[in-house]
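# Observations on chain architecture
Chain by chain, the residues run as shown.
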Amino acid sequence: MTVQNVLFDAPGPRARARSRVFSVVTVLAGLVLLALIYLGLNRSFGEGSPPLSSPEAWQVNPEGQWAAERWAPFLVAETWTGYIIPGLQNTLTAALYAAVLAILFGLVFGIGRLSQHAPIRWISGAVVEFFRGIPLLMLIFFTMALPLAVNQFLTAIGSDPLPPRTFQVDALAAVVVGLTLYNGSVLAEVFRAGINAVPKGQAEAAESLGMRRTQVLWLIQIPQAITSMMPAIVAQLVVLLKDSALGYIIAFPELLRGFSLIGTRYGNVIPAAIIAAAIYIVINISLSRLAIWLERRNARRGKASAHAAAAPGVQEPPTGPEDPAPAGPAPDGPGRP
Amino acid sequence: MRVRRISRIGTTVAAGAALLLAAGACGGAEMGGGDGGGGGETITIGVKYDQPGLGLDEGGNPVGFDVDVATYIAGELGFEPDQIEWTEAASANRETFLQQGTVDMVIATYSITDERKELVDFGGPYYVAQQDILVAADNDDIKGPEDLDGKVLCSASGSRSANNITEDMGIGAELREAGNYSECIELLSNGTVDAVSTDNTILAGFAAQSPDEFKMVNAPFGEEKYGVGLPKGDTERCEAVNEAITKMWDEGQAVEYLDTAFGETDFAFSEEQPEPEGCA
Amino acid sequence: MEAFLGNLDKVIDGFSWTVRLTLCSALFSFILGVVLTAMRVSPVPMMRGLATVYVEGIRNTPLTLVLLFCGLGINSALGVALADSVKWDVFWWAVIGLSAYTACFVSESLRAGVNTVPLGQVEAARSLGLTFTQNLRLIVLPQALRSVVGPLGSVLIALTKNTTIASVAGLGVQEASRQMKLMFDQGIAPVIPTFIGFALGFLILTLPTGFFFGWLSKRVAVAR
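Residues numbered from 1 in each chain as written. Chains lettered and ligands numbered in written order. Predicted model: local features only at pLDDT ≥ 70, side-chain atom pairs only at ≥ 80, totals over all residues.

## Overview of the overall build of chain C
What counts is decided by this rule: Secondary structure elements are taken from DSSP: a helix is a run of H or I of four residues or more, a strand is a run of E of two residues or more, and numbering for both begins at the N terminus. In this scheme the burial state of a residue depends on its C-beta neighbours within 10 Å: 20 or more other such atoms mean buried, 12 or fewer mean exposed, and anything in between means partly exposed; the C-beta positions come from the backbone.
When helices and strands are tallied, chain C shows 10 helices and 0 strands. Each helix and strand of chain C, placed in order from N terminus to C terminus, yields the pattern α-α-α-α-α-α-α-α-α-α. If one aligns the C-alpha atoms of chain C with their principal axes, the spans along those axes are about 70 × 45 × 30 Å. The buried share among the 224 residues of chain C stands at 57%.

Put into structure tokens, the structure is as follows:
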């Protein structure tokens, strides 16, 4: 029972009538919006186009984006085997590397921020705050320029630049490093909050049993925290996957880059972008569903599946550069009161 | 309970590591060419993947004039076509790729300029392109660069062609920046920009894709000497490349390649070998 | 650092676009976000459906693609110019794209905030005869807003960083990261000091925002 269920009474006859009117208005507004998009992409607006009242304006314009020839390439197997499937493979590869590395990065610095030694706490805090505050695109550009930076530095201090082939950064490495640093520092906050959210009594009880600090952390706190953090972690991984699309800018042959090449080859940039968006939406919604399923599963086991992010004392929920929502999947659509 | 929990974390970590290994194993799945590195029996050549007519990725294999030239030169250097590893060289990373040794050679509409000569060596030129302007087929206002005053011109990220007009020629065109030339073409086709200006070879490639929609104004100006980009300091390789280029023109192969790429367009390509510059 | 300071005018120009993009998109995405939230908790099933489809669709599309649609598709398709000069035209299209995208996250945060309002309050309001709109406007949204100040701050920070994507994706707004990339490419500035300079610029924008919203969220927190 949530607030959105009790905001209004069970509708009576008048409310139902009103609701029907609003429904019709909404549907009409939606249809107008769709028509605008359809007509716009159909090039029905420019000068010299037939008036909207005439049926010609609504027919598929061979020069518009809906022309069959612009979509035909997607019916050819080569388009899929040559661009989309390798692109998807590269996207998933980059996301997988980055996910594992970001979780490691997050564990190291998240636990670092809980350390008893002040310097470790400070350094971890500085690292996390730094990488969380910088745009991912800048991290990727910087990683790409790293060999140049090293050579500039070596020249500046008077030694010879590195011989060629000793140090190179390819596009995959740049994307993975950027994604790791950014998402890792967000995950560090998730881990820190999650560990903090484990009731204090647990750690105290363990200490009173004579466990060392590391034992308390690894045997008592982290195992309990992990289950409650799972949804937040998966939500962050969705962000990571979506952000890997930035690889397109540095010509990393991932999914979006594949669609960009299709657009170049067949002159159908917009249809390619529409299909790319559909693929991303399907992948990301499936991952989000996984997060919800994990949460429900935890809830059934009687675990408080509190979002690490919503734990008291933490001002910020985990955010992504492209996904700043609190990582809380909520059931879709309110039920009836 | 405790033991079970820990073993579950252990399993998770192990599964993660296994996935990472698996990803490593299939990490070689790249579009088109390999991931560089070269060495051994292969040669890694950087070409464009997104320029119709010159270097265009066709479902895994680049095709076009630059690619044909690259294949010929590599053949003269003793590499069979199956020993060539193609890799994408975008405008922004050509110098970096050569300096890092990611590629052995760059043949990617790479103009020879003094600035670039500081960073890399050039063989060739193998072709001299000129700058031209592409407009919508029904546009009769723009006949040359001077007509661009007050018009919107598309500039591709990392390319200087548009700046040649606005800065060097001092013509007051407004620039709209797009990611690459195919985005420029999209903007031109929907009327957001009035013109796209860059090398006539590049424009011809796009014009060939949709001849009814665009036309070149055929008012060439300036010159872009396409060179073969090589890592700095390998004079021997540079000489060999120059010999190969001369042979390619003498045998008539060069014109054949140009004809394959642009024969169906009204682009009047030059059929003379450009003056070699010699290796420094 | 010298080369970086020598190009200070470019740096400042870049960040001025970053700030303008952030402020305008923040305003529009907030308004759209509130409307979407109202639709998502409304009694009309069609409105709930439309808002949910919008949020789920846009939220799961990479921002790069959303901006690509704004830059290459919609602007010319509708034949609307938003400004006389190209510079401002692409700016406004970038604002539309960023707002459309960020509104989903504003709406998600707000909806989570709506759920923190105790049921008793809402029921009490209903028993007093308040209609749905009155209930939302007078009871629920004011409290929900106060409880999501922190998350909205994070949305704003994310938006600040997301403005960098407007420099690519068919729009080419000359904001800060674009200026950094130009300096790298032209080799006019050493990489490490340039990067640190631009990174500091972004931290100057994002860190105080984070602290301010953290402070504000404690200050306006609803005591329960």
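Still more ground to cover, so stick around.
## Things to note about the overall build of chain B
For chain B, the count of helices and strands is 9 helices and 12 strands. Out of the 280 residues belonging to chain B, those deemed buried represent 47%.

## Observations regarding helix H7 (residues 200–209) of chain B
Worth spelling out the cut-off: Any pair of residues counts as being in contact when their C-beta atoms, constructed from backbone geometry, are within 7 Å of one another.
Within H7(B), 8 of the 10 residues are buried, which leaves the element mostly enclosed by the surrounding structure. The elements touched by buried residues of H7(B) are strand S2 (50–51), strand S7 (121–136), helix H6 (181–189), strand S10 (195–199), strand S11 (214–216) and helix H9 (253–262) of chain B.

## Here's the deal with the packing of helix H8 (residues 171–197) of chain A against helix H10 (residues 213–243) of chain A
Residues and elements named next belong to chain A. Rules: Interaxial angles span 0 to 180 degrees and are taken between N-to-C directions of axes, which are lines fitted to C-alpha atoms, for helices over the stretch in contact. Each angle gets one of four labels, with under 35 degrees taken as roughly parallel, over 145 as roughly antiparallel, 65 to 115 as roughly perpendicular, and the rest as oblique. Left-handed describes a crossing in which the near helix is turned anticlockwise from the far one by less than a right angle; the clockwise case is right-handed. Under the convention adopted here, Pro, Cys and the residues Ala, Val, Leu, Ile, Met, Phe, Trp and Tyr are nonpolar, Asp, Glu, Lys and Arg are charged, and Gly plus all remaining residues are polar.
Across the interface, H8 lies against H10 with an axial gap of 9 Å and an inter-helix angle of 155°. As far as their axial angle goes, H10 and H8 are roughly antiparallel. Seen from above, H8 lies across H10 with right-handed handedness. Seen from H8, the contacting residues are Leu-179, Asn-183, Val-186, Leu-187, Val-190, Phe-191, Gly-194, Ile-195 and Ala-197; seen from H10, they are Gln-221, Ile-222, Ala-225, Ser-228, Met-229, Ala-232, Ile-233, Gln-236, Val-239, Leu-240 and Asp-243. Classifying every residue of the contact of H8 with H10 gives 14 nonpolar, 5 polar and 1 charged.

## Focus: the interface of chain B and chain C
Counting residues at the interface gives 16 residues for chain B and 12 residues for chain C. Those elements that place two or more of their residues in the side of chain B that touches chain C are strand S9 (174–178) and H6 of chain B. By residue number, the principal contributor to the side of chain B that touches chain C is S9(B), which donates 5 residues. Classifying every residue of the side of chain B that touches chain C by side-chain character gives 5 nonpolar, 6 polar and 5 charged.

## Quick look at the environment of B:Glu95
All names here are of chain B. Take Glu-95: it is sitting in helix H3 (residues 94–100). The class of Glu-95 is buried, set by 21 C-beta atoms lying within 10 Å. Those residues in contact with Glu-95 that sit more than four places away from it in its chain are Arg-116, Leu-119 and Val-120.

## Considering the interface of chain A and chain C
When the parts come together, some accessible area is lost, and that loss is often what is quoted as the size of the interface. Contacts between the two partners involve 62 residues from chain A, matched on the other side by 69 residues from chain C. Mapped onto the side of chain A that touches chain C, the elements with two or more residues apiece are helix H1 (3–6), helix H2 (13–41), helix H6 (136–144), helix H7 (146–156) and helix H12 (269–300) of chain A. It is H12(A) that provides the largest number of residues to the side of chain A that touches chain C, a total of 9 residues. Along the lines of polarity and charge, the residues of the side of chain A that touches chain C split into 40 nonpolar, 16 polar and 6 charged.

## Overview of the confidence of the model for chain B
Residue and element names in this part refer to chain B. Defined as follows: Per-residue confidence from the predictor is reported as pLDDT, which spans 0 to 100.
For chain B, the average pLDDT comes to 77, and 84% of its residues sit at 70 or higher. The lowest-confidence element of chain B is helix H1 (residues 2–25), averaging 48 in pLDDT; the highest-confidence one is strand S6 (residues 105–106), averaging 90. pLDDT under 50 marks residues 17–39. Its contacts with residues more than four places away, or in other chains, come to 47 contacts.

## Quick notes on the domain arrangement of chain B
All names here are of chain B. Using the following cut-off: Residue ranges labeled as domains rest on an automatic or database domain assignment.
According to the domain assignment, chain B contains domain 1 (43–127 + 225–262) and domain 2 (129–222). Counting residues at the interface gives 11 residues for domain 1 and 14 residues for domain 2. Taken together, the residues of the side of domain 1 that touches domain 2 sort by class into 6 nonpolar, 4 polar and 1 charged.

## Examining the sheet that holds strand S4 (residues 61–63) of chain B
Formally: Two strands are said to pair when DSSP picks up at least two bridges between them.
What the 3 strands build is an open sheet, ordered S2-S3-S4 (chain B); its pairing is antiparallel. Every other strand in the sheet has two partners, leaving S2 and S4 of chain B as the edge strands with one partner each. In this sheet, strand S3 (residues 55–58) of chain B lies alongside S2(B) in antiparallel orientation, the contact comprising 2 bridges. Residue pairing across strands places B:Gln51 opposite B:Gly55, the latter belonging to S3(B). Together, S2 and S3 of chain B form the strand contacts of helix H11 (residues 255–266) of chain A, whose direction differs from that of S3(B) by roughly 115°.

## Some details on the packing of helix H4 (residues 77–112) of chain A against H10(A)
Residue and element names in this part refer to chain A. Contact pair H4 / H10: the axes reach a minimum separation of 11 Å and the direction vectors enclose 140°. With respect to H10, the axis of H4 lies oblique. The handedness of the crossing between H4 and H10 is right-handed. Residues Ala-95, Ala-98, Ala-99, Ala-102 and Ile-111 of H4 pack against Leu-217, Leu-237, Leu-240 and Leu-241 of H10. Considering only residue class, the contact of H4 with H10 consists of 9 nonpolar, no polar and no charged.

## Some points on unusual backbone geometry
All names here are of chain B. Positive phi, close to 40°, is recorded for Thr-109, a residue that is not glycine. When you line up the elements, Thr-109 lands in the loop between S6 and helix H4 (114–117). Positive phi, normally seen in glycine, also occurs at Asn-218, with a value near 55°. Mapped onto the fold, Asn-218 is located in the loop between S11 and strand S12 (221–230).

## Considerations on the environment of A:Phe74
Residue and element names in this part refer to chain A. Here Phe-74 shows up in the loop between helix H3 (68–71) and H4. Note on Phe-74: 15 C-beta atoms within 10 Å, which makes it partly exposed. Between the C-alpha atom of Phe-74 and that of Val-32, which follows or precedes it by 42 residues, the distance is 28 Å. Once residues lying within four places of it in the same chain are set aside, the contact partners of Phe-74 are Thr-79 and Ile-275.

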